[in-house]
Amino acid sequence: MFLLYEYDIFWAFLIIASAIPILAFLISGVLAPIRKGPEKLSSYESGIEPMGDAWLQFRIRYYMFALVFVVFDVETVFLYPWAMSFDVLGISVFIEAFIFVLILIVGSVYAWRKGALEWS
């Protein structure tokens, strides 16, 4: 039988977790002073007058390494629960996890061969 009262704590935490940021934004919007002027529109560099353009372009290599890190970090998140319950799940889940890791390895080898992971 599906019992809704078992989820009361979950709903309370969800409501509180949603209400705190909303209240913080509302309170800061009401209490914050509104001052417009040239100082508010200028770039801020540790109290020093900015020199040059504030727009900097980063090389795409930084994003490629960050993306590879995120992919393998998410892989760890997916594989950890599987590893903790490996003995209960059986061989079919082992084959699925093996295919998952194989797809990631093929993708990383492809990126490596294309030169996406070169730092030059």
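Treat the numbers as computed from the prediction; the structure is a model and nothing was measured.

1. As for the overall build of the protein chain
Looking only at helices and strands, the protein chain has five helices and zero strands in total. Counting from the amino terminus, helix and strand elements in the protein chain follow one another as α-α-α-α-α. Buried residues in the protein chain amount to 6% of all 120 residues. A sequence separation of at least 24 residues applies to 55% of the contacts in the protein chain between residues at least 6 apart. If you sum the accessible surface of the protein chain, you get close to 11300 Å²; carbon and sulfur atoms cover 73% of it.

2. Some points on the UniProt feature "transmembrane region" (unreviewed entry) in the protein chain
The UniProt record marks residues 12-34, 62-83 and 89-112 with the feature "transmembrane region" (unreviewed entry), using the residue numbering of this structure. Along residues 12-34 the backbone is 87% helical and 0% strand, and the end-to-end C-alpha distance reaches 35 Å. The distance from the first to the last C-alpha atom of residues 62-83 is 31 Å, and the span holds 100% helix and 0% strand.

3. Description of the packing of aromatic side chains
Counted according to the given criterion, the structure contains three aromatic pairs. Between the aromatic rings of Phe 10 and Trp 11, the centroid separation amounts to 5.1 Å while the plane-to-plane angle is 65°, which identifies the pairing as edge-to-face. Assessed through its relative accessible area of 44%, Phe 10 is described here as partly exposed. Ring centres of Phe 78 and Phe 100 lie 6.1 Å apart, and the angle between their planes is 90°; this geometry places the pair in the edge-to-face category. Taken together, the residues Phe 78 in helix 3 (residues 60-84) and Phe 100 in helix 5 (residues 91-114) connect sequence positions 22 residues apart. The exposed category is assigned to Phe 78, whose relative accessible area is 54%.

About the thresholds
Residues numbered from 1 in each chain as written. Predicted model: local features only at pLDDT ≥ 70, side-chain atom pairs only at ≥ 80, totals over all residues. Heavy atoms only, no water. Helix = DSSP H or I, 4+ residues; strand = E, 2+ residues; numbered from the N terminus. Buried < 20%, exposed > 50% of the residue type's maximum accessible area, 1.4 Å probe, protein only. Contact = heavy atoms within 4.5 Å. Areas by Shrake-Rupley, 256 points an atom, 1.4 Å probe, with all protein chains shown as cover. UniProt positions renumbered as here; feature names shortened; annotations may be inferred. Phe/Tyr/Trp six-rings, centres within 6.5 Å; stacked < 30°, edge-to-face > 60°.

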